[in-house]
Every structure is written in C-alpha cells, then in structure tokens.
Amino acid sequence: MFGLPLAFTSPWILLGLISLPVIWWLLRLTPPRPQEETFPPTRILARLREKEETPAQSPWWLTLLRLLMAALVIIAMAGPVLNPEDSSLAGDGPVMIVMDDGWASAKDWEQRRDTALAIIGEAEQAGRTVILESTTGRESWSGLPMTPQEATALLQASEAMPMRPAHQATATRINAYAQNILPGQINWLSDGLERETTGSFADMLSQTSQNLVIYRPNTSQLAIIGQVQNDPSELTGTVVRPDSSIATQLEVVARDENNLILSRSRLEFAAGETEKEFVFDQPVELRNQFTKLEIENASNAGAVRLLDENNRRRLVGLISGETFDQSQPLLSPLYYISRALEPFSDIRRSSDANISASVPDLINQGVSVIIMADVGTLPERAVGALTDWIEKGGMLVRFAGPRLGASPDNELLPVEIRPGDRSLGGALSWETPKPLAAFDRDSPFSGIEPPRDVLIQKQLLALQESELDRKTWSRLEDGTPLVTAEQSGAGWLVLYHVGTDSDWSNLPLSGTFVEMLRRTVNLANSGKAGGTSDEALVLPPLKLLDGQGAFTAPGEDTQPLIIQGASIPAVTHKNPPGFYGTEDGVRALNLFNENETLKTLDVSSLNAGFEERAYITGREIAFKSRLLAIAAFLLLLDCLAVLWMSGAFGRRLSVSSRSAAVLAGLIFISASLVPSGDTKAQDIDFSAALQTRLAYVITGVDDVDQISEAGMRGLTRFISSRTALEPGEPVGLDMSTDELSFYSLIYWPVDTRAALPDEATMARVDAFMKQGGSILFDTRDQISGVLGGTSGSPASQTLQLMLSSLNIPPLEPVPSDHVLTKAFYLLDDFPGRYSGGDLWVEVTQGRETDDGRPARAGDGVSSILITSNDFAGAWAVDSTLRPLLPTVPPDPAQRNYAFRSGVNLMMYALTGNYKADQVHLPALLERLGQ
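Residues numbered from 1 in each chain as written. Predicted model: local features only at pLDDT ≥ 70, side-chain atom pairs only at ≥ 80, totals over all residues. Heavy atoms only, no water.

Novice: Which residues make up the overall build of the protein chain, and what are the values?
Specialist: Within the protein chain, the secondary structure is distributed over 23 helices and 39 strands. For the protein chain, the proportion of its 930 residues judged to be buried stands at 47%. Residue pairs in contact within the protein chain that sit at least 24 positions apart in sequence constitute 73% of those at least 6 positions apart. Taken as a whole, the protein chain presents about 45700 Å² of accessible surface, with 53% of it coming from carbon and sulfur. (Helix = DSSP H or I, 4+ residues; strand = E, 2+ residues; numbered from the N terminus. Buried < 20%, exposed > 50% of the residue type's maximum accessible area, 1.4 Å probe, protein only. Contact = heavy atoms within 4.5 Å. Areas by Shrake-Rupley, 256 points an atom, 1.4 Å probe, with all protein chains shown as cover.)

Novice: Can you tell me about the pattern of salt bridges, naming the residues and giving the values?
Specialist: In total, this model carries 33 salt bridges according to the counting rule given. In this structure, Arg 613 engages Glu 611 in a salt bridge whose closest nitrogen and oxygen atoms are separated by 3.0 Å. On the accessibility criterion, Arg 613 (5% relative accessible area) is buried. A salt bridge links Glu 709 to Arg 713, with the nearest nitrogen and oxygen atoms 2.9 Å apart. In this pair, Glu 709 and Arg 713 both sit in helix H18 (residues 702-722), four residues apart, roughly one turn of the helix. For Glu 709, a relative accessible area of 30% puts it in the partly exposed group. The exposure class assigned to Arg 713 is partly exposed, which follows from its relative accessible area of 32%. (Salt bridge = Lys/Arg side-chain N within 4 Å of Asp/Glu carboxyl O.)

Novice: Explain a nonpolar patch on the surface to me, using residue names and the numbers behind them.
Specialist: Among the surface-exposed residues, Trp 60, Trp 61, Leu 64 and Trp 644 lie close enough to one another that they form a single nonpolar patch of about 550 Å² accessible area. At three residues, helix H3 (residues 60-77) tops the list of elements feeding residues into the nonpolar patch. For Trp 60, the location among the structural elements is in helix H3. (Patch = residues over 30% accessible without salt bridge, like charges linked within 9 Å, V, L, I, M, F, W, Y side chains within 5 Å.)

Novice: Account for the sheet that holds strand S23 (residues 481-488), with residues named and values stated.
Specialist: The seven strands are arranged S15-S14-S16-S17-S24-S23-S22 in an open sheet whose pairing can be described as mixed. A strand with exactly one partner marks an edge of an open sheet, and here the two such strands are strand S15 (345-349) and strand S22 (472-475). Between one strand axis and the next, the sheet turns through 20 degrees on average, direction left out of account. One ladder, built from three bridges, connects S22 with S23; its direction is antiparallel. Bridge assignment links Arg 475 to a residue of S23, and that residue is Pro 481. Along the sheet, helix H10 (residues 355-364) contacts strand S14 (314-320), S15 and strand S16 (369-373); its crossing angle with S14, the most-contacted strand, is approximately 175 degrees. Sitting on the sheet, helix H14 (residues 511-522) touches S14, S15, S16, strand S17 (395-399), S22, S23 and strand S24 (491-496), and the angle it makes with S17 is about 150 degrees. (Pairing = 2+ DSSP bridges. Axes fitted to C-alpha atoms, helices over the stretch in contact; angles between N-to-C directions.)

Novice: Talk me through the environment of Arg 895; I want residue IDs and the actual numbers.
Specialist: Note that Arg 895 resides in helix H22 (residues 892-911). Put simply, Arg 895 and Gly 873 are 22 residues apart on the chain and 9.6 Å apart in space, counted from C-alpha to C-alpha. Apart from the residues lying within four places of it in its own chain, the contact partners of Arg 895 are Glu 556, Gly 873, Ala 874, Pro 883, Leu 885, Pro 886 and Thr 887.

Novice: Give a description of the pairing of strand S4 (residues 130-134) that names residues and reports values.
Specialist: Most of S4 sits inside the fold, with five of its five residues counted as buried. Looking at chain direction, strand S3 (residues 95-99) and S4 are connected through five bridges and run parallel. Its bridge partner being in S4, Met 99 is matched across the sheet by Ser 134. Chirality of the crossover, the property in question, places the unit of S3, helix H4 (residues 109-125) and S4 among those that are right-handed. (Right-handed = clockwise from strand over helix to strand, strands pointing away.)

Novice: Lay out the nonpolar core with the relevant residues and their values.
Specialist: Counting 36 residues, the largest nonpolar core has Ile 337, Leu 341, Ile 371, Val 494, Tyr 496, Leu 507 and Leu 517 as its most contacted members. When residues of this core are traced back to their parent elements, those giving at least two are S14, helix H9 (335-341), S16, S17, S23, S24 and H14. Among the elements that make up this core, the one with the highest residue count is H14 (four residues). Not counting chain neighbours up to four residues away, the residues in contact with Ile 371 comprise Val 316, Gly 317, Leu 318, Ile 319, Ile 337, Leu 341, Val 397, Phe 399 and Leu 517. (Core = buried A, V, L, I, M, F, W, Y, C linked by side-chain atoms within 4.5 Å.)

Novice: Let's hear about the packing of H18 against H22: which residues, and what values?
Specialist: H22 packs onto H18 with a crossing angle of 80 degrees between their chain directions and a minimal axis gap of 10 Å. In terms of their interaxial angle, H18 and H22 are classed as roughly perpendicular. Of the residues in H22, those touching H18 at Gly 714, Leu 715, Phe 718 and Ile 719 are Asn 896, Phe 899, Arg 900, Gly 902, Val 903 and Met 906. In terms of residue class, the contact of H18 with H22 is built from six nonpolar, three polar and one charged. (Parallel < 35°, antiparallel > 145°, perpendicular 65-115°, else oblique. Nonpolar A, V, L, I, M, F, W, Y, C, P; charged D, E, K, R; others polar.)

Novice: Now, about H18: what can you tell me, with residues and values included?
Specialist: In a regular helix each residue adds 1.5 Å, so 21 residues correspond to 30 Å; H18 covers 30 Å between its end C-alpha atoms and thus fits that length. Buried residues of H18: Val 704, Asp 705, Ser 708, Ala 710, Gly 711, Met 712, Gly 714, Leu 715, Thr 716, Phe 718 and Ile 719, and no others. (Expected span 1.5 Å × (residues − 1).)

Novice: Give me the sheet that holds strand S27 (residues 551-552): which residues, what numbers.
Specialist: In space, the four strands of this open sheet follow the order S27-S26-S29-S30, with antiparallel pairing throughout. Only two strands of the sheet have a single partner each, and these edge strands are S27 and strand S30 (585-589).

Novice: Lay out helix H20 (residues 794-803) with the relevant residues and their values.
Specialist: Those residues of H20 that sit buried are Ala 795, Ser 796, Thr 798, Leu 799, Met 802 and Leu 803. Buried positions in H20, seen along its axis, are confined to an arc of 160 degrees and lie on one side of it. On the buried face of H20, the contacting elements are strand S35 (745-749), helix H19 (759-770), strand S36 (774-778) and strand S39 (864-867). (Arc of directions from axis to C-beta.)

Novice: Mind laying out the side chain of Ser 505, listing which residues take part and the relevant values?
Specialist: Locating Ser 505 in the fold gives a position in the loop between S24 and H14. Ser 505 gets classed as buried once you look at its relative accessible area, which sits at 1%. At 3.3 Å, the side chain of Ser 505 forms a polar contact with the backbone nitrogen of Leu 507. With near-sequence residues (within four places) excluded, Ser 505 lies in contact with Leu 455, Ile 456, Gln 457 and Val 498. (Polar contact = N/O pair within 3.5 Å; in protein donor to acceptor, adjacent residues only side chain to side chain.)

See below:
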C-alpha cells in the first residue's frame with residue numbers, strides 16, 4: 001500500500017478501527033474522585049444539602065491512552081506481517097515449481113530457495129503435492145508429484161548449477177508428463193534473463209496451467225566475462241551485463257594456479273552501457289601465470305574465465321645460422337618466421353651470436369620454443385643444454401637450408417636426412433615443383449586447406465625407416481615428407497624440410513605458413529600433438545567450478561572430458577566447467593566459449609497470461625505478539641493512572657507496597673517491550689549445558705556453513721548409532737558473541753572467503769582453549785605442511801594469520817601411541833573427505849619440544865587440533881543419509897574411517913586421557929583375579 005512489504009493475515013478486523021469514536025465517547029467520562037471528610041457528624045449533617053452532581057470529564061491524556069490501547073488490540077488481531085510471503089495458491093492440482101537454477105541464480109540462490117520453500121509450505125497447508133522441475137535438467141528432480149516434505153529435502157540440499165538453463169528441453173519434459181499430470185498452478189522462478197526460447201517456454205507454461213506465476217529478480221548486478229585475447233602487449237577481455245539502467249563499477253581480478261591475486265582491472269559502466277573491455281598490461285611472463293579471471297564478488301560461474309595453455313603467449317627463441325641478421329633483416333632467414341609468430345607469440349633473441357652461448361641464454365629467458373633456421377652442426381655444449389631442456393618439455397623447431405643439408409650429423413632431428421637437398425624444377429631436374437598434399441587427419445595441421453599456389457622447389461629428404469609415416473605431419477603431393485616430428489621426453493623435435501625464405505619455396509609467403517607455425521608452437525608444453533577428429537583426447541576432471549564460480553573437487557558422477565578434433569565440448573552435468581587433465585597439462589572448459597549478449601527478461605513482451613510476483617527479500621516478521629505486548633503495557637499504565645487518581649498512592653499505601661508495585665511495573669515493562677528473541681541473553685542456547693552437542697563455527701560463507709551443518713548432523717547420527725552417547729542437534733556458533741563454555745569440541749572450517757576474526761574474538765577463543773575447550777581447525781586443502789615452515793596454501797596462510805595473535809602450544813602429528821588412536825576405535829590414520837593430511841595436536845605430556853618447552857599437562861586433551869582432510873565434507877549427509885560430497889579418491893571405506901575419526905575426536909574431547917592412564921591397571925587385574 002505504502003511501498004512497504006507489510007500485509008495483514010486478517011485485514012477485515014481492521015474495520016474495528018471505525019469503532020474508535022464510540023470508544024472515545026464512552027471513555028471521555030470518568031466518575032468524580034471520592035471526597036475525603038473527617039467524621040464529625042454534626043458538621044457533616046450541617047453541610048448536607050441537595051445538589052446535582054455531574055461527572056467530571058476524563059483527562060485528555062487518559063482518553064488518548066485508552067484509544068491507543070484499543071487501536072493496538074484491533075491492529076494486532078488483524079495480524080500485521082512485515083515481508084509477507086506473497087505465494088497464494090490457485091487451482092486444485094499439484095503445485096509445480098519451475099526453477100532457473102543455472103549460473104545466473106547462484107548469487108541470490110538463498111532468495112530463490114526461500115521463495116520455493118514458502119510455496120511448498122503453503123502447498124503443505126493446502127494438502128497438495130509438489131512437482132519440482134529444473135531448467136538445467138537435474139536428474140534428482142524427476143518431475144513427478146512428491147510430498148512437500150520430500151520437495152523440501154531436495155531444495156535444502158540443492159545449490160545453483162554452473163550451467164545454462166535450457167528452456168526448450170525443459171518444455172519438452174513438461175509436455176511429456178503434463179498429458180497425465182495437470183498442475184493446478186505453475187510457479188516459474190526465473191533468473192531474470194531472456195533467451196531465444198523464453199517466449200515459447202512461457203507460452204507452453206501458460207497452456208499447461210491457467211494459473212502461471214512468474215518471479216522475476218533484479219539483474220542489475222549480474223555480469224559475465226566474454227572472450228579473452230592475450231595480445232603481445234596486453235591481455236584484454238570483455239565484461240557483459242544485461243541491465244544497463246544504472247552506472248556501476250566492477251573489478252576483474254587475475255589469479256594464479258594457487259588462487260592468489262596477481263592483478264586487478266577496474267571497469268566503470270556508465271548508464272546505457274552493456275559491454276566494457278578490461279585490460280591487463282603486465283609483462284608477458286606475469287600474464288602467462290594467469291589461470292583464472294573473475295569479476296570480484298559476482299559469485300557466479302559465468303563471471304569466471306579459466307585460462308589454459310591455449311591462452312598463454314609462448315616465448316619463442318630464434319637462432320639463425322647466418323651472420324647478417326641484424327644488419328640486413330630483410331635478407332635474414334628469420335624475417336618471415338618473425339612476421340608469422342608476432343601475432344600470437346613473444347619473440348626472444350640472444351645478444352650473443354655464438355650458438356654455444358645463445359642456446360643457454362634463451363633457455364634462461366624461459367622460452368618454451370626454440371626455432372633454428374639453417375643451423376648445421378651444433379656445438380657439444382649446445383647439444384647438452386638443448387637435450388636437457390627438451391626432456392623437460394621444450395620444443396626445438398629446425399628449418400632446412402644449405403648448412404643443415406651439408407651437416408654430417410643428425411643430432412636433435414626427428415629423422416635422419418640424406419646429405420644435400422632435392423631440387424625440383426631446376427635446369428638439371430626432370431621434376432617440377434610440387435604442391436602440398438592434403439593434411440592427414442592425425443596431423444596437428446588437420447583442417448587447414450593447403451593452397452594450390454604454394455609450391456616447393458627444394459627440400460631435404462628423410463631416410464626411409466619404419467616409423468617415418470608416424471613421424472610425418474605434412475607431405476608433398478608425391479608423398480615425400482615436408483614436416484616431421486618426434487616426441488622426446490616431455491618435449492618435441494620438429495623439422496621443416498624446407499627453408500625459411502623464398503629460395504626453397506613460396507610457403508613462407510603464404511598464410512598457410514602462419515597457421516602451421518601457430519599450431520606447431522601451440523603444442524609446446526601441452527603434452528599432446530594433434531587432437532584430431534579420429535583420435536579423441538580423454539582428460540580426467542581435475543578442478544571444477546560450482547555455481548558460484550568457486551573451485552570444488554570432482555563429484556562421483558563427473559566424467560572425463562572427451563575432446564574430438566578442434567571442437568570445444570559443451571558444459572553438461574557430467575562435464576561441469578573447470579580444469580580437466582593432470583598437473584602436467586590441463587584444458588580449461590568454460591561456461592561461455594564465445595562472446596555472449598545478455599538480455600533482461602521483459603515480461604511485458606510475453607504473450608502468455610501470468611501473474612508477476614517478487615522474490616522473498618527478507619525474513620517474514622509477525623507483529624501480533626509485539627502489539628499485544630505494547631497494549632498490555634498501556635493497560636498497566638492505565639491501571640496505575642486510575643489508582644493514582646483514586647488516591648491509592650496516598651499515605652495509606654505503605655512504603656513496601658509502593659516499592660513492590662514499582663518493581664512489578666518495571667518487570668512488566670521489560671517483558672512487554674522486548675519481543676522474544678530480540679535480546680542477546682535469549683540468543684544463548686542454554687540447552688547445550690544440559691545435553692552434549694556438536695558445534696561448528698559459522699564463517700559467513702554459505703556453502704561452507706551448509707556443509708559444516710550437514711557434517712555435524714551426519715556425525716551426530718553416527719555417534720548415536722554406534723555409541724552410548726546421544727548428542728543433541730548440532731549448533732552453529734558466532735565466535736564473537738555466542739557462549740563457548742558449553743562445548744567441549746568446536747569444528748572451525750578455514751576459508752579464504754571468510755572475514756578474519758578480530759582481536760576481541762580471538763581473545764575469547766584463547767580464553768576458551770585455556771579453560772579446557774578444544775578447537776579443530778580444518779583447512780580442507782589436504783596440505784600436510786601447514787606447520788612445516790612453508791607458506792602453504794591460501795587456506796593455510798589464512799589459518800596462520802588467524803592464530804598469529806595466540807600463544808599456540810607446540811604441535812606434532814598424532815603419534816602412534818596417542819589417546820586419539822584408541823579413544824573408541826583403533827585407528828592409525830585420520831582421513832576425511834581427503835586422505836594423506838596429518839592431524840596435528842599438542843605435544844603430549846612426557847614429550848618435549850625442539851626448543852625444550854614442556855608439553856601440555858592436565859587431562860591431556862589438546863586445546864588445538866589442525867587438519868587439512870575436510871572432516872565435515874566426509875560427514876555431510878542429506879535427510880536420507882546419502883553423502884553430499886564424494887571422497888577423494890572415491891572410496892566408501894575412507895568415509896567410514898572418517899566417521900570413526902569423528903567418534904574418536906568426540907570421545908577424546910569428552911573423556912580426556914583415561915585410556916592412557918595405567919595407574920590402576922595392576923589393582924584392577926588383581927581384583928578380577930580374586
């Protein structure tokens with residue numbers, strides 16, 4: 001009504017406000033105050049006379065107080081609600097919820113999920129079933145009617161997918177089962193973007209049900225990264241946004257393989273602009289370390305661009321056998337090579353003309369390719385340096401010429417060559433110049449159309465051998481090799497059997513030469529030649545992106561990426577965006593492979609009939625109890641006012657009675673004015689003092705907190721089923737405000753996205769640990785060297801910053817005789833979702849640290865424990881006890897041992913070192929013997 005998210009559950013009761021004038025008329029009069037007289041009877045009788053008394057008028061402030069009290073009661077009974085859930089249902093059949101659960105919904109996923117849960121809650125009250133449909137094609141959302149409880153469980157365990165919504169495929173699925181199951185109402189929770197098939201999709205939904213409700217969010221903060229180009233002087237790319245109605249600022253950050261920020265680029269969008277170019281002009285050596293570009297705080301997979309070897313500029317070193325390169329560059333054998341390489345590579349030349357010195361010089365400059373033009377015999381020093389460099393992944397490309405043809409040795413060549421050269425089309429030759437033959441399908445040059453006007457006049461011939469066909473990348477029309485190559489270690493040896501100038505052929509003058517060189521150089525450090533239509537490249541998943549654009553481990557259903565030829569695979573549920581391959585070489589699969597245009601959904605252009613609603617933007621707050629509490633307080637004031645006007649607070653009321661009345665009033669005021677749950681004292685869960693509970697730290701990062709909660713629930717159920725301990729529901733803690741003394745062990749997941757705790761919070765943590773509590777820090781990165789003096793991973797560095805203000809005791813990996821290895825189960829390792837990381841604890845009593853300090857005494861329970869194995873990720877299960885995250889490697893036994901580790905940790909924190917105490921063992925054995 002007034003632009004406020006306010007509604008009433010029973011608005012008709014507000015008609016009672018019309019009665020306020022009548023109430024005012026009834027309240028405006030009050031009986032006169034009784035007159036006090038002393039008893040002398042004669043005087044009283046003398047003053048008796050008949051007169052008419054009229055009631056005294058009620059004081060204005062008392063009338064106003066009573067009117068306000070009546071108005072508050074009327075308004076309270078009408079049920080005012082702030083942020084009401086506008087999700088009234090229509091129709092009689094199942095309630096269908098169609099969610100755009102792709103990348104564009106990731107940042108505000110909680111808002112989408114809360115809205116869907118509100119619709120499911122209303123369906124539950126109406127006794128109707130629910131149909132969940134995902135526009136990204138989730139397999140777990142079958143499209144069949146389910147109970148509201150089942151739908152709630154699926155939604156609570158769901159996250160946004162790093163995929164594009166497919167409206168056409170979704171429409172096909174809905175049409176398939178809508179013939180038998182007709183929804184009573186369809187709620188389309190859109191991501192606010194309009195695509196080619198959005199209009200037909202909305203038409204189909206309106207035809208399926210006459211009651212179509214569309215939820216449309218604000219897309220002003222949505223943006224993605226388009227194509228990226230690594231030019232010689234700078235790396236450029238485009239940021240695209242759908243909503244250009246407002247001006248805004250964005251920052252694109254570049255990260256390396258350790259997720260550390262290397263550079264930033266700020267963009268300023270003016271109103272009306274939908275595209276903006278960002279620039280990174282750092283040196284090529286630094287730009288080649290970029291592996292991830294992302295829009296800061298965008299939190300969606302579309303705002304991330306992964307970079308692999310194809311996006312890096314190769315550093316190419318050039319060496320010539322001629323001596324006049326610098327003085328006459330146009331006559332240099334390297335002239336055409338330089339012109340061909342400059343658009344996609346950075347060229348390095350040695351300042352020393354001596355090959356023995358120039359080869360080590362180029363290798364020290366970090367080149368990945370060295371091209372030699374007509375270099376014959378190589379010095380021994382250069383051969384040794386090149387051999388080691390090629391074995392480690394370098395590529396040596398050699399071009400023919402008179403010197404190479406006259407060289408007696410065949411070192412560092414993929415094939416043996418015949419002395420001299422083959423002349424085609426000369427005065428003494430019977431043969432004519434030969435064109436290039438079509439490139440084989442298994443050649444790196446596959447797909448290039450050889451021009452008929454390129455003719456070869458001279459070439460070096462290779463000696464026949466059994467492996468010659470396998471080594472040949474390109475041939476002449478008569479079948480003689482033009483380009484041969486062989487892999488050596490992790491690197492390559494490549495030989496072009498022609499020269500680099502127009503004396504031997506006109507190939508260097510053609511665009512085919514540029515493309516052949518580009519493909520040759522791009523193979524450097526990639527570990528694979530080709531990638532052809534016949535030979536598929538199969539790459540295992542390494543690191544994948546989730547819907548919010550953060551790296552995550554591959555799931556159990558993730559399949560290897562199959563690359564066929566030069567085609568770019570599409571993102572699917574089986575192949576999410578991310579890095580595929582091994583640590584030695586990876587291929588990036590991005591959500592957007594080409595420049596995209598985003599468009600905001602314009603519902604006015606839809607032909608379908610629908611009702612538009614807004615997403616739930618805040619928690620629903622009911623004011624009925626608060627208003628009634630205020631009305632009760634006003635009633636107390638009214639009673640006190642009446643007592644005061646009647647003289648009840650005169651001399652006849654004792655001091656103690658007045659004190660009691662004042663005290664009761666103050667208590668009533670405090671109880672009336674403070675609503676339930678608004679005070680800090682009421683936020684403390686005192687039930688934790690009566691029942692053992694598992695606790696975890698709320699980091700403020702949604703995905704981490706959800707996994708922590710699910711992990712604590714999973715461990716609670718496991719402990720209850722395996723031990724006599726029956727913990728209560730797990731508790732999430734705010735370390736800066738919540739009471740910590742109720743908990744023996746607190747799980748703290750370390751995440752670089754979480755804000756670092758301030759000094760006051762760490763002081764509370766220090767006091768908790770000194771008073772006997774224990775905290776398990778989990779960096780969740782499988783880095784066992786957190787405490788080994790190395791910089792470690794980003795999460796490890798974050799943990800070091802957190803603990804820098806504390807006096808941390810000496811730590812060690814859990815010894816084989818430690819109580820933790822036998823607190824309940826017998827364990828020799830403590831895996832979580834990952835295995836291999838150590839569990840660090842305080843040095844046990846009786847041991848000494850390297851600097852001679854004594855270890856912890858007392859009950860022997862370590863106040864601090866540190867792991868990197870991601871315990872909560874292994875413990876996390878859904879309502880059906882199915883694991884939410886896969887173990888790495890996928891091993892069911894590893895998850896079982898992770899749960900056993902959790903049981904031992906809990907028993908250790910609760911019972912101390914009782915199993916290590918052998919003092920009473922002889923007496924017990926003697927008593928048992930008796």
